[in-house]
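Listed below, chain by chain, are the residues.
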Amino acid sequence: MSQFDLTDDQKAIQEAARRFTAEAITPHAARWDAEHHYPKDVVQAAAALGFGAIYVSEAGGGIGLGRLEAALIMEAMAYGCPSTSAFISIHNMAAWMVDCFGSDAVKARYLPGLVSMDLIASYCLTEPGSGSDAAALKTRAVRDGDDYIVTGTKAFISGAGVNDLYVTMVRTGEDGPRGISCLAIEKTMAGVSFGANERKMGWRSQPTAQVNFDAVRVPVANRIGAEGQGFAIAMAGLDGGRLNIGACSLGGGQRALDEAIAYTRQRQQFGKAISDFQATQFTLADMVTELAAARVLLYQAAIKVNDGAHDKTMFAAMAKRFATDTGMAVADRALQLHGGYGYLMDYPVERIFRDLRVHQILEGTNQIMRMITSRELQRLSN
């Protein structure tokens, strides 16, 4: 990418994702939402294009793209369904952790299935008692010979109960971040169970539930990274996850804007289209301006994360906060421009509004993003 434009290869990747979305996602997203249907077949069709292992290395079987290319793909798919795009993003984060930090044996066992999405992965960090304070997690893994005995509960886990592999942060040592390790836990291991599906405002095309570990025996060989490295792995994964969820907000926000433009052109009030009123024009102008600004920041942050820049974490936090706030604000105004019709499920803006709201909460709340930005600003200023 040059400073102000995408490369030809990046444009081709973006176009491929847009075509897939137009054919396989957009026509069905409203039904998935209404029926709380998880479209596993479509998710696996995305994997056939390489979208299940976007930044898994080519040596690991993935397509080995960068964080900007991943953002382009997530943004394109979110135009059709933010919920489904975000689900695929979470799998990509887990697969990257296996590829980047897993032993050769762990990679050989899981990566082929993760790349094809014959195995689909969840990421398990949050617990009922530790959300923003992730380092306070309580799920414990006690060493017993060649195994860990894992006991605890994870909350708000996308794919819980349907996914095959759970990349799980557990406490193997002291309190705080240094005592956390990462394990690959299979759905079929004895003692793994799941809570009821959560009744959510949005993200209805994917199941969300608690994951319970009741003295689950997990081989030490399933550890990802060194003992005590789990929190660092989690935070490294979240830099990329924050970019992806920001990209999902851009895609959903762009869809909301496009729907608002089309609706205001055809909706007649006081003898003319409401798009002819200056108030409408100013609102649309603000929406497109804010989306463009958020997109530039997010793309810049993606390049920094990809390149390992010294300020990558600050830019990832800034971009996540700004893009998710912007996407939600654009969806809100798009709904308002639809008037009462925007409140009906017959119009896509209603679903987009519900789906984008959670983006300001997950992958670190936007209040935590401000804390990270401030902390990193102070560190970089020393």
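Owing to the predicted nature of the structure, the values given are computational and were not obtained by experimental measurement.

## Comments concerning the overall build of the protein chain
Scanning the protein chain from N- to C-terminus turns up 11 helices and 10 strands. Against the globule reference of 21 Å for 382 residues, the protein chain gives a C-alpha radius of gyration of 21 Å, in line with a compact fold. When the backbone C-alpha atoms are referred to their principal axes, the protein chain occupies close to 80 × 50 × 40 Å. Of all 382 residues assigned to the protein chain, the portion counted as buried reaches 55%.

## Comments concerning the state of the cysteines
Applying the stated criterion across every chain yields a total of zero disulfides. The thiol of Cys100 is unpaired, and the distance to the nearest cysteine sulfur, on Cys182, comes to 11 Å. Here Cys248 stays unpaired: no disulfide links it, and the sulfur of Cys81, its closest cysteine neighbor, is 9.5 Å away. Judged by its relative accessible area of 0%, Cys248 is buried.

## Here we look at the packing of aromatic side chains
Across all of its chains, the model carries eight aromatic pairs by this definition. A ring pair is formed by Phe20 and Phe51, whose centres lie 6.5 Å apart and whose planes are at 85 degrees; its orientation type is edge-to-face. Taken together, the residues Phe20 in helix H1 (residues 8–25) and Phe51 in the loop between helix H3 (40–48) and helix H4 (67–80) connect sequence positions 31 residues apart. Here Phe20 matches Phe51 in class, with each residue buried.

## Concerning the environment of Thr153
Structurally, Thr153 is set in strand E3 (residues 147–158). For Thr153, a relative accessible area of 25% puts it in the partly exposed group. For Thr153 and Lys138, which are 15 residues apart along the polypeptide, the C-alpha to C-alpha distance reads 8.3 Å. Excluding residues that lie within four positions of it along the chain, Thr153 makes contacts with Glu127, Pro128, Thr139, Gln210, Val211 and Asn212. There is a polar contact of 3.4 Å between the side chain of Thr153 and the side chain of Asn212.

## Side note on unusual backbone geometry
At His36, a residue that is not glycine, the phi angle is positive and equals roughly 55 degrees. Its identity as a non-glycine residue notwithstanding, Trp203 has a phi of 50 degrees, on the positive side. As for its position among the elements, Trp203 is in the loop between strand E6 (192–194) and strand E7 (208–219). By relative accessible area, which is 6% here, Trp203 ends up buried.

## A closer look at the pairing of E7
In this structure, E3 lies alongside E7, joined through nine bridges in antiparallel fashion. Note on E7: the bridge partner recorded for Val150 is Val216.

## Topic: H3
Within an α-helix, residues lying three or four positions from one another point in the same direction, as the helix has 3.6 residues per turn. Of the positions making up H3, those classed as buried are Val42, Val43, Ala46 and Ala47. Viewed end-on, H3 has its buried residues packed into an arc of 155 degrees, placing them on one side of the element. Pointing more than 90 degrees away from the buried face of H3 are the exposed residues Asp41 and Ala48. In the core, the buried residues of H3 are packed alongside H1, helix H2 (29–35), helix H5 (82–101) and helix H6 (104–116). Where H3 terminates, the next one or two residues include Gly50, which has phi positive at roughly 95 degrees.

## Quick notes on the nonpolar core
Among soluble globular proteins, nonpolar side chains are generally buried collectively. Grouped together as the largest cluster of nonpolar side chains are 95 residues, with contacts concentrated most on Tyr123 and Met169. Ignoring anything within four residues of it in the chain, the contact list for Tyr123 reads Ile90, Met93, Met97, Ile157, Val167, Met169, Ala234 and Leu238. In this structure, Ala160, Val170, Val192 and Ala209 belong to the second largest nonpolar core, which totals 18 residues.

Definitions and cut-offs
Residues numbered from 1 in each chain as written. Predicted model: local features only at pLDDT ≥ 70, side-chain atom pairs only at ≥ 80, totals over all residues. Heavy atoms only, no water. Helix = DSSP H or I, 4+ residues; strand = E, 2+ residues; numbered from the N terminus. Rg over C-alpha atoms; globule rule 2.2 N^0.38 Å. Buried < 20%, exposed > 50% of the residue type's maximum accessible area, 1.4 Å probe, protein only. Disulfide = S-S within 2.5 Å. Phe/Tyr/Trp six-rings, centres within 6.5 Å; stacked < 30°, edge-to-face > 60°. Contact = heavy atoms within 4.5 Å. Polar contact = N/O pair within 3.5 Å; in protein donor to acceptor, adjacent residues only side chain to side chain. Pairing = 2+ DSSP bridges. Arc of directions from axis to C-beta. Core = buried A, V, L, I, M, F, W, Y, C linked by side-chain atoms within 4.5 Å.

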